[in-house]
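Architecture and fold: a report
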Amino acid sequence: MTRHFLYVIFLFPFLVYAEDGSQLWLRYTPVDESVANKRTIKLRATHDLVQLAQQELQTYWAGQSVVLRLDKKLKRLKEGYVLKGDASNIELVAAEPVGLLYGAYHLLRLQEAGEDTNHLQVEEIPDYDIRILNHWDNLDRTVERGYAGYSLWRWDELPHTLSPRYEQYARANASIGINATVLNNVNASPQILTSDYLVKVKALADIFRKYGIRVYLSANFSSPKVLDGLSDSDPLREEVQDWWKKKVKEIYQHIPDFGGFLVKANSEGQPGPQDYGRTHADGANMLADALKPYGGLVMWRAFVYNPTEEDRAKQAYQEFVPLDGKFRENVIIQIKNGPVDFQPREPFTPLFGAMKNTAQMIEFQITQEYLGFSNHLAYLAPLFKETLDADTYSDGKGNTVARITDGSIWQHKKTAISAVANIGEDANWTGHHFAQANWYAFGRLAWNHQLSSEEIAREWIRTTFTRDADFVKPVQQMMMDSREAVVDYMMPLGLHHIFAFDHHYGPEPWGDRKGGRPDWMPWYYHNADTVGLGFDRTTNGSNAVSQYNEPLRTTFNMIGTCPENLLLWFHHVSWTHRMRSGRTLWDELCVHYDRGVQEVREFQKTWDKLESYVDQQRFNEIQSKLKIQTKDAVWWKDACLLYFQTFSQMPIPYELDRPIHDLEELKKIKLDMKHHN
Ligand code: BDP
């Protein structure tokens, strides 16, 4: 690996340096002296963040003069900014220093994307106060569900050696408005809260602060017991409460702007308040009380489920709704977009909008645990928007998940939005060059959830590759089609969680482990039998539909009105059921799987045609990823259709491509992909 790298540098120093993907969407060219001398970047404030804004413009802004001004009276802008200007002068005003930095990046983005900067009339106010990445990084530098190499955080070298990537990471985030980060895995090692580690965390926080980014930590609920030998970690015991108060005090001594804790409790084997007969509210409130004097927050995850008779999809709602109103005001419940788990497609989690007296935030997954890792091109803005734009019908029409969580409907102390990062130490940060777009899209939507997926894709392509319309258009189309293609070749029509056990890469609809948890087995979700396919969540089945507000409850409950892209999520449907296309369910399923494969084959053609527009390294790397994706798509299609066919006993429609694998062979595939817990 290293040798290969050196060799390439030697031969093409410029190309490799410039176009290995390491610069992300920030491929700014420094302006040359003659231009720089002709214009001025005037500064009317001295804060570090403001100076950074000035420096970025000084180095890269090739346009007219810019005046940066702080106006504390403009509180309504929050961390946003106003940009006004004509050809001769631009004024950038913000209420907060970081607003000027965001404004500077706005200007540079326009310049880089080749947009008009002569008639600026911009006012930007972020939709969420906290726009946060969740890293699932372990202290041994493995990354749970990470597909871009080891963790960026070099714990063994910290705090003495500071990798240049810490600052690059912070800058990339700031350039898209991300202002917070959780450094460690939600399956948290208690070690992160030891004094030795807090010094390391401080070193990172000091760098990130320069870019307006606050650090949060995932906390293990058993920390008092594990780290200091307390007899238990019962949140209602004073000794435990005091332990947390002291710990929090110590953290703030190192990191005065520490954001708070993210907690996964009583979920998938993690400790929590229920170990002591206490509720999630008891646990969250205890931490909230410790953090309150310093303005810290608790992000408490609602991702809880147990292997009981109850449908897994219903459990978070059942657990949390009765606790509405019982949480402190510095607690936010962090809820995954879908009720099961970051699947290629799920309906929104009905918990959104069901707790009027509790602040709620969304959790997306940028890392592609369930979408082909870093091997598949899947542009996720459409997935994010599908949830954000979903109408909860809570308190009436139009109360979308976005408006519920951004504070438009019910006021809460802070609003937030989060996503599990896909970032690692790979040169291009995210494994697949196109996966950078998902990091980018999350940041942009966290800032403004009204942006369209198309706009974001266009912006990203123009800054990351080229502005040439002959490139931008087809690539934008490919990105826009990509998530649905993945849904089609993996889990169309509302199928979900039929992945290979544990690593979640390939198909394993037949998967079964003797004695394993049923809710971790594909059959639990697809319920294939000779009659049909799908999970009956109607009033005759698990009744998960009852957790949705009307009219959704009825719409989902009736087979005739249930959206077809969620049909098998809510219904067990007979193989011969007539779909809207006139085809039977079986034929329709075949058509979707086939379509998914065809689409990826189209992506290959699209990409190959564009070779002359892209640098060689990125072209080749993407081309080879598309090959893997195509092979995987065929693998998915054959595995799922051949397996489901053993139940439907119906032929694959003859106009479709025939399988190229045998089911028995496919069943033998065992990928050696370790999932690090
Ligand atoms: C699942 C992942 C698992 C995570 C869990 C979570 O498979 O690795 O720990 O979510 O979000 O999707 O806590």
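Since we're looking at a predicted model, the values are computed, not measured. Here, residues in each chain are numbered from 1, in the same order as that chain's written sequence. This being a predicted model, a pLDDT of at least 70 is required before a residue's local features are given, and a value of 80 or more before pairs of side-chain atoms are given or counted; all residues contribute to the totals for chains, interfaces and linings. For the side-chain quantities, the full set of heavy atoms in the structure was used; hydrogens and water were omitted.

1. Topic: the site of the ligand
Applied cut-off: Note on definitions. A residue lies near a molecule or strand when any single heavy atom of the residue is within 4 Å of it. Each polar contact in these results corresponds to two N or O atoms within 3.5 Å; when the atoms are within protein, one needs to be able to donate a hydrogen and the other to accept it, and residues that are neighboring in sequence are counted only if both atoms are side-chain atoms.
Around the ligand sit 15 residues, and of these Glu-144, Lys-264, Arg-301, Asp-341 and Glu-369 come closest. Side-chain polar atom of Arg-145 to an oxygen atom of the ligand: 2.8 Å apart, as the coordinates give it. In the environment of the ligand, an oxygen atom lies 3.4 Å from a nitrogen or oxygen atom belonging to the side chain of Tyr-370.

2. Some thoughts on the sheet that holds strand β8 (residues 214–218)
The line we're drawing: Only when DSSP finds a minimum of two bridges between them are two strands counted as paired. Each helix is a run of H or I in the DSSP string that is no shorter than four residues. Each strand is a run of E no shorter than two, and both are numbered from the N terminus. Only the stretch in contact is used when a helix axis is fitted, and all axes are lines through C-alpha atoms; the angle between N-to-C directions ranges over 0 to 180 degrees. In what follows, residue pairs with any heavy atoms lying within 4.5 Å of each other are defined as contacts.
Sheet architecture is closed into a barrel: 8 strands sit in the order β6-β7-β8-β9-β10-β11-β12-β13, paired in parallel fashion. Mean inter-strand twist for the sheet, computed between neighbouring axes without regard to direction, equals 25°. Inspection of the sheet shows strand β11 (residues 331–336) paired to strand β12 (residues 359–365) by 5 bridges, in the parallel sense. Within β12, the position partnered with Ile-333 by the bridge is Gln-360. The strands touched by helix α7 (residues 195–209) are β7 (180–182) and β8; relative to β8, the strand with the most contacts, the crossing angle is about 150°. Lying on the sheet, helix α10 (residues 280–291) is in contact with β9 (260–263), β10 (297–301) and β11; it crosses β10 at an angle near 160°.

3. As for the nonpolar core
The test is simple: As used in this record, nonpolar core signifies buried Ala, Val, Leu, Ile, Met, Phe, Trp, Tyr and Cys residues forming a set joined through side-chain atoms within 4.5 Å. Whether a residue is buried, partly exposed or exposed follows from its accessible area with a 1.4 Å probe, protein chains only, as a fraction of its type maximum: under 20%, in between, or over 50%, in that order.
Core analysis: the biggest nonpolar cluster contains 217 residues, and Phe-208, Phe-261, Trp-300, Trp-439, Leu-589, Trp-607 and Phe-644 have the highest contact counts within it. At 14 residues, the largest contribution of residues to this core is made by helix α21 (residues 616–648). Residue contacts for Phe-208: discarding those within four places in its chain leaves Trp-153, Tyr-166, Tyr-169, Ala-170, Thr-181, Leu-183, Ile-213 and Val-215.

4. Observations concerning the sheet that holds strand β5 (residues 120–124)
Sheets are built from strands paired through backbone hydrogen bonds, the pairs being either parallel or antiparallel. Reading across the sheet, the 5 strands line up as β1-β2-β4-β3-β5 and stay open at both edges, with mixed pairing between neighbours. Lying at the two open borders of the sheet, with one neighbouring strand each, are β1 (41–43) and β5. For this sheet, the mean inter-axis angle between neighbouring strands, taken without regard to orientation, is 15°. In the packing of helix α5 (residues 97–113) onto the sheet, the strands contacted are β2 (65–70), β3 (81–85), β4 (89–94) and β5, and the crossing angle to β3 comes to about 45°.

5. Concerning α10
The cut-off we apply is this: Helices are assigned an expected span. That span is 1.5 Å times one less than the residue count.
Across its 12 residues, α10 extends 17 Å between first and last C-alpha, which sits within 8% of the 16 Å expected from 1.5 Å per residue. Across the 12 residues of α10, 10 count as buried, placing the element largely inside the fold. Along α10, the positions that sit buried rather than exposed are His-280, Ala-281, Gly-283, Ala-284, Asn-285, Met-286, Leu-287, Ala-288, Ala-290 and Leu-291. On its buried face, α10 sits against α9 (238–254), β9, β10, α11 (315–320) and β11.

6. Some details on the domain arrangement of the protein chain
Note the threshold: Residue ranges labeled as domains rest on an automatic or database domain assignment. Two parts placed together each lose some accessible area; with a 1.4 Å probe, that loss summed over both constitutes the buried area. For this document, the term salt bridge refers to a Lys or Arg side-chain nitrogen within 4 Å of an Asp or Glu carboxyl oxygen. Here the term charged refers only to Asp, Glu, Lys and Arg, the term nonpolar to Ala, Val, Leu, Ile, Met, Phe, Trp, Tyr, Cys and Pro, and the term polar to all other amino acids, Gly among them.
Splitting the protein chain by domain gives domain 1 (23–124), domain 2 (130–452) and domain 3 (487–535 + 572–676). For domain 2 and domain 3, the distance between their C-alpha centroids amounts to 31 Å. Of the roughly 2600 Å² buried between domain 2 and domain 3 on both sides combined, carbon and sulfur atoms contribute 59%. Where domain 2 meets domain 3, there are 0 salt bridges. In this assembly, domain 2 and domain 3 are joined by 16 residue pairs in polar contact (both at pLDDT 80 or more). Across the side of domain 2 that touches domain 3, the residue classes tally to 9 nonpolar, 11 polar and 8 charged.

7. Section: a positive patch on the surface
Convention followed: Patch members must show over 30% relative accessible area and no salt bridge, and they are joined within 9 Å when carrying like charges or within 5 Å when they are nonpolar side chains of Val, Leu, Ile, Met, Phe, Trp or Tyr. Surface exposure here means Shrake-Rupley accessible area, sampled with a 1.4 Å probe, where a residue is shielded only by the protein chains that are shown. Residues scored as positive are Lys and Arg, those scored as negative are Asp and Glu, and His as well as the terminal groups of each chain are ignored. For this purpose, a charge sits on NZ of Lys, CZ of Arg, CG of Asp or CD of Glu.
On the surface, Arg-214, Lys-292, Lys-413 and Lys-414 cluster together to form a positively charged patch. Tracing the backbone shows Lys-413 in the loop between α13 (401–405) and β13 (416–420).

8. Digging into the pattern of salt bridges
Counted by the stated rule, this structure contains 44 salt bridges. The residue Arg-76 makes a salt bridge to Glu-123 at a minimum N-O spacing of 2.8 Å. Taken together, the positions of Arg-76 in the loop between β2 and β3 and Glu-123 in strand β5 put the pair 47 residues apart, joining distant regions of the chain. A salt bridge links Lys-314 to Glu-310, with the shortest nitrogen-to-oxygen separation between them at 3.5 Å. For Lys-314, a relative accessible area of 9% puts it in the buried group. Look at the salt bridges and you will find they share partners, linking Glu-19, Arg-27, Asp-615 and Arg-618 into a network.

9. Some words on the packing of helix α15 (residues 453–464) against helix α16 (residues 469–490)
When two helices pack together, their arrangement is given by the angle between the helix axes and by the axis-to-axis distance. Counted only if it meets this: Working definition: roughly parallel below 35 degrees, roughly antiparallel above 145 degrees, roughly perpendicular at 65 to 115 degrees, and oblique for all remaining angles. In this scheme the crossing of two helices becomes right-handed for a clockwise turn of the near helix relative to the far one and left-handed for an anticlockwise turn of less than a right angle.
Packing of α15 against α16 brings their axes to within 9 Å, and their N-to-C directions diverge by 130°. With respect to each other, α15 and α16 are oriented oblique. When you trace α15 past α16, the crossing you get is right-handed. For the pair α15 and α16, the contacting residues are Ser-453, Glu-454, Glu-455, Ala-457, Arg-458, Trp-460, Ile-461 and Arg-462 in the first and Phe-471, Val-472, Val-475, Gln-476, Met-479 and Met-480 in the second. Here the contact of α15 with α16 is built from residues that sort into 8 nonpolar, 2 polar and 4 charged.

10. Side note on the side chain of His-526
Locating His-526 in the fold gives a position in helix α17 (residues 522–526). Overall, the relative accessible area of 1% leaves His-526 in the buried class. Those residues within four positions of His-526 in sequence are excluded, and the remaining contacts are Leu-495, Ile-498, Pro-509, Leu-533, Gly-534, Tyr-643 and Phe-644.

11. A short note on the UniProt feature "domain: Glycosyl hydrolase family 67 catalytic" (unreviewed entry) in the protein chain
Here is the rule: UniProt positions are given in the numbering used here, feature names are shortened, and annotations may be inferred rather than shown by experiment.
Cross-referencing UniProt, the feature "domain: Glycosyl hydrolase family 67 catalytic" (unreviewed entry) maps to residues 113–429 in the present numbering. Secondary structure across residues 113–429 comprises 26% helix and 14% strand; the distance between its end C-alpha atoms is 21 Å.

12. Some thoughts on unusual backbone geometry
A cis geometry characterises the amide bond from Leu-158 onward to Pro-159, with omega recorded as 0°. Here Pro-159 lies in the loop between β6 (130–134) and α6 (164–175). Even without being glycine, Asn-543 reaches a positive phi, approximately 65°. On the secondary structure map, Asn-543 appears in the loop between β14 (532–533) and α18 (552–557). Overall, the relative accessible area of 25% leaves Asn-543 in the partly exposed class.

13. Quick notes on the packing of aromatic side chains
Defined as follows: Centres within 6.5 Å make a pair out of two Phe, Tyr or Trp rings, where for Trp the six-membered ring is used; the pair is then stacked when the planes are under 30 degrees apart, edge-to-face when over 60, and tilted otherwise. A ring is scored as having a charge over it whenever the NZ atom of a lysine or the CZ atom of an arginine sits within 6 Å of its centre and within 35 degrees of its normal.
This structure, assessed with the given rule, holds 46 aromatic pairs. Between Phe-471 and Tyr-613, the aromatic rings sit 6.1 Å apart at their centres with planes inclined by 45°, giving tilted as the arrangement. Here Tyr-613 lies in the loop between α20 (585–609) and α21 and Phe-471 lies in helix α16, a separation of 142 residues in the sequence. Plain terms: the ring middles of Phe-556 and Phe-570 are 4.4 Å apart, the flat faces sit at 15° to each other, and that makes the pair stacked. Taken together, the residues Phe-556 in helix α18 and Phe-570 in helix α19 (residues 567–570) connect sequence positions 14 residues apart. As far as the burial class goes, Phe-556 and Phe-570 line up, both buried. Aromatic rings pair up to connect Trp-25, Trp-153, Tyr-166, Tyr-169, Phe-208, Trp-429, Trp-439 and Tyr-440 into one cluster. Looking at Lys-200, its charged tip hangs above the ring of Tyr-197, at a distance of 5.5 Å from the centre.

14. Concerning the pairing of β3
Bridging between β3 and β4 involves 5 bridges; their strand directions are antiparallel. When the bridges of β4 are listed, Val-82 appears paired with Val-93. In this structure, β3 lies alongside β5, joined through 5 bridges in antiparallel fashion. Within β5, the position partnered with Val-82 by the bridge is Glu-123.

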